[in-house]
Amino acid sequence: ALTKAAFKTQFRDQQLSALHTLKHLSDDPFNLVTMTNTPGCSATLLALANDGNNVMAQYLACDTLATLSHWLLTLSTAKTRKGKVGGEDDDNEVGRRTFQTLTWEQWA
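Residues numbered from 1 in each chain as written. Predicted model: local features only at pLDDT ≥ 70, side-chain atom pairs only at ≥ 80, totals over all residues. Heavy atoms only, no water.

Brief notes about the overall build of the chain
Where we set the bar: Helix and strand assignments come from DSSP, with helices taken as H or I runs of at least 4 residues and strands as E runs of at least 2, each series counted from the N terminus. Summary of the burial criterion: residues with accessible area below 20% of their type's maximum are buried, those above 50% are exposed, and those between are partly exposed, where the area comes from a 1.4 Å probe applied to protein chains only. Contacts are residue-level and defined by heavy atoms, with any inter-residue pair within 4.5 Å sufficient.
A tally of helices and strands in the chain yields five helices and zero strands. In sequence order, the secondary structure elements of the chain are arranged as α-α-α-α-α. Counting across all 108 residues of the chain, residues that qualify as buried make up 23%. Pairs at least 24 residues apart make up 44% of the contacts formed inside the chain by residues separated by at least 6 positions.

Written out as structure tokens, the structure reads:
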């Protein structure tokens, strides 16, 4: 609904409200997957970023895309280590997908 409202250029207030909402949603990294998997969300932002008719809508679309790009870059370069400190498992990276099972004993 937000992407459809953001794409309606005949209702400028509604369009800007939808774009502000998308921008605020993109500020939280947990919304990255949802926003990139929503059909039409990225396409709408890209179309509005290249449209020069409404400068404010163009700015908001570019800012939202830049924020999503920032979260993608942050996630792709994050390296978290697991294992014992100074131990033999110290060089394993958690950032990549593996078929290893990680366990955590909460009450141990």
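What about the confidence of the model for the chain?
As a reminder, the rule being used: Confidence scores per residue from the predictor, reported as pLDDT, run from 0 to 100.
Of all residues in the chain, 71% attain a pLDDT of 70 or more, and the chain-wide mean is 80. Across the chain, the element-wise mean pLDDT spans from 84 in helix α1 (residues 2–7) up to 93 in helix α2 (residues 12–26).

Here we look at the nonpolar core
Note the cut-off: Here, nonpolar core refers to any group of buried Ala, Val, Leu, Ile, Met, Phe, Trp, Tyr and Cys residues whose side-chain atoms link them within 4.5 Å.
Counting residues in hydrophobic clusters, the biggest one holds 17 residues, and the most contacted among them are Ala6, Leu19, Leu22 and Leu45. Of all the secondary-structure elements, those providing two or more residues to this core are α1, α2, α3 (32–37), α4 (41–49) and α5 (55–77). Sort the elements by how many residues they give to this core and α5 lands first, with five residues. Among residues more than four places away in sequence, those in contact with Leu19 are Ala6, Leu45, Leu48, Ala57, Leu60 and Thr64.

With respect to α4
Under the convention used in this document: Comment: arc refers to directions from the helix axis out to C-beta atoms.
All of the buried residues in α4 are Cys41, Thr44, Leu45, Leu48 and Ala49. One face of α4 carries all of its buried residues, which in axial projection span an arc of 130°. Residues of α4 that are buried sit in contact with α1, α2, α3 and α5.

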